[in-house]
Amino acid sequence: MTIKIEKVGKVVVLRLHRPEKRNALNTALMEDLLAALQTYDTDPEVGCFVLTGSDKVFAAGADISEMSTMSYQEMTASDYFAGWEALGNIRTPVIAAVSGYALGGGCELAMMCDVIFAAESALFGQPELTLGVIPGMGGTQRLTKLVGKAKAMDMILTGRMVDAIEAERAGLVSRVIPDEKLLAETMEAAQIIAAYSKPAVLLAKECVCFGEHLSVSDGVKAERRAFHGLFATEDQKEGMHAFIEKRRPAFTGK
């Protein structure tokens, strides 16, 4: 297996594990990761994923050795990298906990997650032009949406790396955390998410994702319908009654 899996309560930790390749992303890793995500995504006892690498590297990029000899015909026939888009169909929130290098495909994989928490040591970059290619897993699109055209052009056209502080300032990451506290703080956030009503969490994520592709007015309509729909759940009744009764809610996911 190219990943290690650990379930902690309602949180599943997925650790990229190709140490000999600095966690470079290849087809086998993609298949292992997506299979795990898809399996646990339908588990009512799983409320959040944490995706991480090692202390020194999240993922140093896509596996060049797998691609270097491929022809244009082979690339297009296999629609290389297209399989990664299945990550966008995962409904359960995914937090990327990034230490060390997140370059090329590693940066793109982190951007496919819902939230990025970065260790102070984290370095992000899209250096594909140094290889004679361009980002192929969504870097030109997701990076631009997250940090804006000017910053995306700077990173992609120069290939330079940005540290965690600059990445947070630009809007690429949500939090910068001391290295030794990264996983603990990420797990704390994941456990908070996983303790909420799962139907509400899934719809909250869905509405935010919808908003990327809808006008504000259409997005608000979708949000309002989702809000209304949650009044058919037991968790809505429990949550509001617990608030009135000044106690902690006991959500069941129903």
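Keep in mind that what you see is a predicted model, and the values were worked out from it rather than measured.

**As for the layout of surface pockets**
And then number 1: Each pocket or cavity is described by its volume, and for the largest pocket that value is around 1,000 Å³.
And then number 2: Around the largest pocket sit 35 residues that line it, and M112, C113, D114, C209 and E212 are the ones nearest its centre.
And then number 3: Listing elements by their share of the lining of the largest pocket, those giving two or more residues are β5 (94-98), α4 (105-112), β7 (115-119), α5 (139-147) and α9 (198-211).
And then number 4: Tallying contributions element by element places α9 first for the lining of the largest pocket, with 8 residues.
And then number 5: Looking at the lining of the largest pocket residue by residue, the classes come out as 21 nonpolar, 6 polar and 8 charged.
And then number 6: Reported here for the second largest pocket is a volume of approximately 530 Å³.

**Structural notes on the nonpolar core**
The nonpolar side chains of a soluble globular protein tend to be buried, and buried together.
And then number 1: The biggest cluster of nonpolar side chains holds 48 residues, and the ones touching the most others in it are W84, L109 and F124.
And then number 2: In this structure, C48, F117, A119 and A194 belong to the second largest nonpolar core, which totals 14 residues.

**Brief notes about the sheet that holds strand β9 (residues 162-163)**
And then number 1: One open sheet accounts for 4 strands, arranged β4-β6-β8-β9; its pairing is mixed. On the outer flanks of this sheet lie β4 (57-59) and β9, each paired with one strand and no other.
And then number 2: Where strand β8 (residues 123-125) meets β9, 2 bridges bridge the pair, whose relative direction is antiparallel. Each bridged residue has a counterpart across the sheet, and for F124 the counterpart in β9 is V162.

What counts and what doesn't
- Residues numbered from 1 in each chain as written.
- Predicted model: local features only at pLDDT ≥ 70, side-chain atom pairs only at ≥ 80, totals over all residues.
- Heavy atoms only, no water.
- 1 Å grid on protein atoms, 1.4 Å probe; cavity = no way out; pocket = protein on both sides within 12 Å on 5 of 7 lines; lining within 4 Å.
- Points joined across faces, edges and corners; volume = space filled by probe spheres on them.
- Helix = DSSP H or I, 4+ residues; strand = E, 2+ residues; numbered from the N terminus.
- Nonpolar A, V, L, I, M, F, W, Y, C, P; charged D, E, K, R; others polar.
- Core = buried A, V, L, I, M, F, W, Y, C linked by side-chain atoms within 4.5 Å.
- Buried < 20%, exposed > 50% of the residue type's maximum accessible area, 1.4 Å probe, protein only.
- Pairing = 2+ DSSP bridges.

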